[in-house]
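Structure at a glance
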Amino acid sequence: MSQERAVPESAVPLEEISSWPEELCRRELPSVLPRLLSIYQHSDNWIEHIQILKIIVEMFLPHMNHLTLEQTFFSQVLPKTVRLFDDMMYELTSQARELSSQNLEIQSTLRNILQTMVQLLGALTGCVQHVCATQESVILENIHSLPSSVLHVIKSTFVHCKNSESVYSGRLHLVADLLQALFKEAYSLQKQLMELLDMVCMNPLIDEHDDILNMVVVIHSLLDICSVISSMDHAFHANTWKFIIKQSLKHQSVIKSQLKHKDIITSLCEDILFSFHSCLQLAEQMIQSDAQDNADYRLFQKTLKLCRFFANSLLHYTKEFLPFLSDSCCTLHQLYLQIYSKFPPSLYAAGISKAQQEEIASTFLVTLSPLISQLLTFQPFVDVVLDSKLELPCELQLPQCLLLVVIMDELSSRPEDVQALWCTESQVSEATARVSLLKAIFSSFEQCSGELSLPVHLQGVKSKGQAEVAVTLYQHVCIHLCTFIASLHPSLFPELDTALLNAVLSANMITSLLAMDAWCFLARYGTAELCAHHVTIMAHLIKSCPGECYQLTNLSILLRRLFFFMAPRQQVEFIQKFPPKETENLLLWQYISFQALPAELRKQTALEVTRAGTAWCMKWLGSNRTLEELESLNTVLSALLAVCNSSGEALDLGQQTAIKEVGSQLSILLNVKLVIGQPYVQQTLSLLLPLLGFFIQTLDPQLVSQVITLQTSLLKLEPPDHVRLAFLDFLSSLGKLFIPQTIQDRILPSLSSVFASLLADRNWLLEQHSLEAFTQFAETGFVDETTAARLERIKQEKGTFWEPFAKVTQEETKMSSLQPCVKRARHELPSEDEYRSTLQAATEALEAIELLLQKSPPPDWLLMEMETLQERIDKLKRQNCSGRKQLSSTFPQPLALHRNWPLSDAQALPLRRAVNLCTAQGSPPASQVSSHFHW
C-alpha cells in the first residue's frame, strides 16, 4: 500500500516538493531523489536546473548517507552543474559587448544570468557545508567530485571578475552589484571548501593512488586560483597560499613525489617579486609626497608584511621538499638576484629613503636570508650558481657577487665536505661544467666595474667601541674573502692556490690586486714556511716568464709584497737559493725591495747585487756591445736601480761610484737614432735616467747637459710614454743640482723646453706625472731642512723684508698714506691677440696668392718677391729665438726652484705670474724682479 502511495507522490510538482517538511523529505528520499536527478539530467532550462539543485541540496542532502554521497549525488549532479556554469559564463561573456543602458533586454538577460550563477554558487556552498557538518574527518575518495567541481567554478568566477573591466567595456556599473555578489559568493565558497579540505585524512600506510592524485589536483587548482586573485585581494591571496603550504606539508609523506614542486616554487617566487616591487613603488611615492603618516605608508607596511609572509612560506616549503627542487634551483637563484638588483647598493636600485631601506631590510630581507643556508648543501643549487657558462645582464652582476660573498660567509662554519662541494670544480654534464667558488668570486668581482669605479658602499662591520663605517665593494669582498680563507680546510689549499694564481695573472688590474691582497693575508695568517714556499713559487714563475708581459708585472708586484712577510731565517734561505752574486738571479732581485731585509743582510745583499751588476756592465762595455745582450743589460740596470731606490743608504762610496761610472758610460753611448729605432734601447734609457738621477749631485755637468739635450731631441720625435716618464724622473731630481754659470746657457733653455713639452702632453697620466715632477723639481731645496734651520731662515727673511720699511719716518708714513707714490709708466707690449690677428692677415694673403696661381701662370717677378718674403720670415724666427735666449740668461735659475733660494708659496706666486706674463710677451725688464729676489 506504501508503494501505491509512492507512485502518485513521485509525480508531485516541484513547487509542492519545495514546501515539504523535513520528515517527509527524509521518508520520500528513495523515491523522489531518482526522479529529481532524472529531471536535472534531461533539463535544458537554467532556471529549472537551479531550482532542482537547490531542492536536492536544501531538502534531501541532509538525509543522504554521507558514505555514499559520491555515488548517489556528487558524481551524478556536479559534472552537469559545471557544464551549466560554463554555458552561463560563455553566454555572459559573449553578450557583454552589447550591454548598454539603452538595451534593456540585454541588460535584463545578463543580470538574470548573474543572479542564476550566484544561486548556483550558493547551492555548491550548501554541499560543502553539509559535508563539513556531518563528518569529523573526510576520506577524499568519498567526495572527490566535489572539490574539483567547486574549484573549477571558483576559478572561472574569479577570472571573470578580474577581467570585468575589459569584458564590459566601460559599462561595468550596470552589473557591478551582481558581480560583487558573485565574487563574495565565490569567496565564501572557497573558504568553506578549505575548511572541508582541512578535514581530509590520508593514511600514509595505504597506497590510495586516486586519493593522492585528487589531493594533488586540489593543491594545484588552488595554486591556479592564487595567480588569479593575487592582484584582487591581498589577504585572501595570502590565506590561499597559507592553505596550499599547510596541505602540502600535512600530506607530505604521500604526495611529495606527485606534486609539481617547480610550479609551486615558481608561483611563490613570482608573488614575492610582485609584492617586493609594489613595496618599492610605494616607497618611491612616499618620497615624492614627502609624507610618512598617510595611506601610502600604511599600504607600504601591509605589502611589506605580505613580502615577509611569502618569504616565510618559501623557506618553509624549501626546507621540507628540498630533495625534489632540483629543477627549481635556477628560479631560486634568479629570485635572489632580482631582489638585490632593485635594492641598494645596486646601481639599478629604486630611489627610496634610508628609513624605508632599513624597514625593508629588517622586515623582509632578513626573513629571506636563511634561504641560502638551506640550499648550501644542495648540489643542484651549487651547479646553478657556479655554472661556467652563467651569463648575467649588467643589473644582476653585483647581486651575483654579493651572493657569492654570502655563501663564503656561510661556508666558514661548515665542515670540509660542504666546503669541498663549493670549492672544487666539476663536470656536471657534457655541456655544463661547474667552476669553483673561489674562481667564481674573482670572475663575478671583475664584472662589477661600474660599482667599483663609482664606488658603491655597503654596510660595514661593527667593532667594539667603534661606530659602523660603510665600506666600498672592494673592501667588502676583500674582507669576507680573507675571512673565508682563514676558515678554509687545509685539504682545499690546492684549489685556493690555483684560484689565487689565476686571478693574479688576470689581465684585469683590480682583480689581480684583490688576489694579491688575499694572498698577502694568507702569507700573514699562515706559517712562515707557507709564506716562504709561496715566495719560492713566485720566484720560479718569474724566472720562467718568456719576456715582458702583464703577467710578469703582476707576479713581480706580488713577489715584492710577499717578501716583506718572510721571516729572517727564510729570507736567508731564499738568498741561498737565488744568490744575487749570480747574474742570472738579478732577474729576481730587480723586483725585491731591500727594505724588507734586516740591516746587515740588506747591506750584504745590496753589495752582492752591486758587484754582480757593475761587473756585468763593465764587461759588456768592454766587449762588442751587441744589441742581443740589451735585454740582459736592462735586467742588470733594473736590479741596480732597485738597490739605489730601496737600499741607497747601505751603499758605500765605492759602490756608489761604481754604479755612477757604469751609468755615465752607458749614457754616453746613447743617441737619438738608436733610441727611437730600438725598443730595448728605449728601456735602457728609461732605466738609466732614474739611476743617474740618484747620483745627480755628483754627476759631471757636461753629462747632465748631454742628457737634457738628448731629451730635447727625442721629444721632437714623440717617444713612447714610458720613455717620457723616465724623463720626468730625471728632471725632478735636478732640483737638487746647482748648475754652474758656465753651462747655464746650454742647459736652461733645453730644460725649459722639455718641461714645457711634457706639461703640455694630452695624456692625462703623463700630465699628472709632469706636474708632480715639476713640483718636486721646484721644492726639493727644503726636503732636508730641520725645524731649527727653518726657524732661523724665517727670522732672516722677516728681517730682510722688514728692514727697508723700518727706516721710514712717521711723517713719511702719513704722507705716503695720503698720496700714493708715483709709479713708473708701464711699457705696453703687444698683446697675443695682436700677434694672432697680424699672423692671420699674413696667412690669408698667402692663401690668396695660392688661389691666383691655380687660375693663371705667375708673373716673372713673383718668385723673387717670394724669396725675399722667406728671408724676412727666417729673420723673424731668429729674433724670436734670441729673445728666448735672453729670457734664459736673465733668469739663470728656475724660479722658486733653486736650492739656495727659499721661497714660500705666497712669495713665489706673484713671481710665477710675472714670469708667465714675460714668457708670453717677451723678455722681462730685470728691474721688475731683481730688487726683490736674490739669485
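Small disclaimer: the values here were computed from a predicted structure and weren't measured. (Residues numbered from 1 in each chain as written. Predicted model: local features only at pLDDT ≥ 70, side-chain atom pairs only at ≥ 80, totals over all residues. Heavy atoms only, no water.)

Of the regular secondary structure elements, the protein chain holds 44 helices and four strands. Expressed as a percentage of its 935 residues, the buried residues of the protein chain come to 45%. The contacts of the protein chain with a sequence gap of at least 6 include a subset with a gap of at least 24, amounting to 75%. Carbon and sulfur atoms make up 55% of the accessible area of the protein chain, which totals about 48700 Å². (Helix = DSSP H or I, 4+ residues; strand = E, 2+ residues; numbered from the N terminus. Buried < 20%, exposed > 50% of the residue type's maximum accessible area, 1.4 Å probe, protein only. Contact = heavy atoms within 4.5 Å. Areas by Shrake-Rupley, 256 points an atom, 1.4 Å probe, with all protein chains shown as cover.)

Now for the environment of Leu 61. Note on placement: Leu 61 falls in the loop between helix H4 (46-60) and helix H5 (69-95). Residue class for Leu 61 comes out buried when judged on its relative accessible area of 0%. Residues Leu 61 and Arg 26, spaced 35 residues apart in sequence, show a C-alpha to C-alpha distance of 9.3 Å. In this structure Leu 61 touches Ile 56, Leu 69, Phe 73, Gly 126, Cys 127 and His 130, once residues within four positions along its chain are discounted.

On to the nonpolar core, then. Ranked by internal contacts, the top residues of the largest apolar core, which has 278 residues, are Phe 60, Phe 73, Phe 364 and Trp 422. Here this core takes 14 residues from helix H6 (residues 104-134), the largest share from any one element. Setting aside residues no more than four positions away along its own chain, Trp 422 makes contact with Leu 376, Phe 381, Val 382, Val 385, Leu 386, Ile 407, Leu 411, Val 435, Ser 436 and Leu 437. (Core = buried A, V, L, I, M, F, W, Y, C linked by side-chain atoms within 4.5 Å.)

This part takes up the side chain of Ser 506. Within the secondary structure layout, Ser 506 lies in the loop between helix H24 (493-504) and helix H25 (509-525). Using a relative accessible area of 13% as the deciding quantity, one classes Ser 506 as buried. When sequence neighbours within four positions are dropped, the list of residues in contact with Ser 506 reads Glu 446, Thr 511, Ser 512, Tyr 550 and Asn 554.

With that out of the way, let us pick up a positive patch on the surface. Residues Arg 298, Lys 302, Lys 305 and Arg 308 make up a contiguous surface patch of positive charge. Looking at the secondary structure, you find Arg 308 in helix H14 (residues 295-321). According to the relative accessible area criterion, Arg 308 is partly exposed, its value standing at 35%. (Patch = residues over 30% accessible without salt bridge, like charges linked within 9 Å, V, L, I, M, F, W, Y side chains within 5 Å. Salt bridge = Lys/Arg side-chain N within 4 Å of Asp/Glu carboxyl O. Lys, Arg positive; Asp, Glu negative; His and termini not counted. Charge placed at Lys NZ, Arg CZ, Asp CG, Glu CD.)

We now examine the pattern of salt bridges. For the coordinates displayed, the defined rule picks out 10 salt bridges. Close ionic contact of Lys 246 with Asp 198 constitutes a salt bridge, the shortest N to O distance being 3.0 Å. Highlighted residues: Lys 246 in helix H11 (residues 234-250) and Asp 198 in the loop between helix H9 (176-197) and helix H10 (209-229), separated in sequence by 48 residues. Under the relative-accessibility criterion, Asp 198 is labelled partly exposed at 29%. The closest approach of N and O atoms between Arg 724 and Asp 761, which form a salt bridge, is 2.3 Å. Taken as a pair, Arg 724 in helix H36 (residues 721-733) and Asp 761 in the loop between helix H37 (741-759) and helix H38 (764-779) lie far apart in primary sequence, 37 residues in all. The residues Arg 724 and Asp 761 share a single accessibility class, namely buried.

Take the packing of aromatic side chains next. Under the definition given, this model contains 21 aromatic pairs. On the basis of an interplanar angle of 75 degrees and a centroid distance of 6.2 Å, the ring pair of Phe 563 and Trp 589 is categorised as edge-to-face. Residue Phe 563 is located in helix H27 (residues 550-563), and its partner Trp 589 is located in helix H29 (residues 586-589); the two are separated by 26 residues in the primary sequence. The pair formed by Phe 563 and Trp 589 is uniform in burial state, with each residue classed as buried. Pairwise contacts between aromatic rings join Phe 563, Phe 574, Phe 578, Trp 589 and Phe 594 into one cluster. (Phe/Tyr/Trp six-rings, centres within 6.5 Å; stacked < 30°, edge-to-face > 60°.)

Right, let's talk about the side chain of Ser 686 for a bit. You can see Ser 686 is positioned in helix H34 (residues 679-694). Within polar-contact distance, the side chain of Ser 686 engages the backbone oxygen of Gln 682 at 2.9 Å. Residues contacting Ser 686, with those up to four places away along its chain left out, are His 722, Val 723 and Ala 726. (Polar contact = N/O pair within 3.5 Å; in protein donor to acceptor, adjacent residues only side chain to side chain.)

With that settled, consider H4. With 15 residues, H4 extends 20 Å between its outermost C-alpha atoms, agreeing within 8% with the 21 Å of an ideal straight helix rising 1.5 Å per residue. Among all positions in H4, only His 49, Ile 50, Ile 52, Leu 53, Ile 55, Ile 56, Val 57, Met 59 and Phe 60 are buried. Next to the buried residues of H4 lie helix H2 (14-17), helix H3 (22-42), H5 and H6. For H4, the N-terminal cap is Asn 45; the gap from its side-chain oxygen to the backbone nitrogen of Ile 47 is 2.9 Å. (Expected span 1.5 Å × (residues − 1).)

On to unusual backbone geometry. Geometrically, the link from Pro 344 to Pro 345 is a cis peptide bond, its omega value of 15 degrees lying close to zero. Tracing the backbone through its elements, the reader meets Pro 345 in the loop between helix H15 (329-341) and helix H16 (354-368). With an omega of -15 degrees, the peptide bond running from Leu 454 to Pro 455 counts as cis. Here Pro 455 is to be found in the loop between helix H22 (449-453) and strand E3 (457-458). Unusually for a residue other than glycine, Ser 169 sits at a positive phi of about 45 degrees. Note on placement: Ser 169 falls in the loop between helix H8 (164-167) and H9. With a relative accessible area of 41%, Ser 169 lands in the partly exposed category. Backbone geometry places Glu 718, a non-glycine residue, at a positive phi of 55 degrees.

Okay, the packing of H34 against helix H35 (residues 701-716) next. Two numbers describe how H34 lies on H35: the axes approach to 12 Å, and their chain directions differ by 140 degrees. Classed by the angle they form, the pair H34 and H35 counts as oblique. Considering the relative orientation of H34 and H35, their crossing is left-handed. Contacts from Leu 685, Leu 689 and Leu 692 of H34 reach H35 at Leu 703, Val 707, Leu 710, Gln 711 and Leu 714. (Axes fitted to C-alpha atoms, helices over the stretch in contact; angles between N-to-C directions. Parallel < 35°, antiparallel > 145°, perpendicular 65-115°, else oblique. Left-handed = near helix turned anticlockwise from the far one by under 90°.)

Moving on, we come to the packing of H3 against H5. Close contact between H3 and H5 brings their axes to 10 Å; oriented N to C, the two are set at 20 degrees. In terms of axis orientation, H3 runs roughly parallel to H5. Relative to H5, H3 is oriented so that their crossing is left-handed. Two secondary-structure elements touch here, H3 through Leu 33, Leu 37, Tyr 40 and Gln 41 and H5 through Thr 72, Phe 73, Gln 76, Val 77, Lys 80 and Thr 81. Looking at the contact of H3 with H5 residue by residue, the classes come out as five nonpolar, four polar and one charged. (Nonpolar A, V, L, I, M, F, W, Y, C, P; charged D, E, K, R; others polar.)

A separate point is the confidence of the model for the protein chain. Detailed reading of predicted coordinates is not advised where the pLDDT is low. For the protein chain, per-residue confidence averages 84 on the pLDDT scale, and residues scoring 70 or more make up 86% of the total. Below pLDDT 50 for its whole length, residues 808-827 participates in six contacts with residues either more than four positions away or in separate chains. (pLDDT = per-residue confidence, 0-100.)

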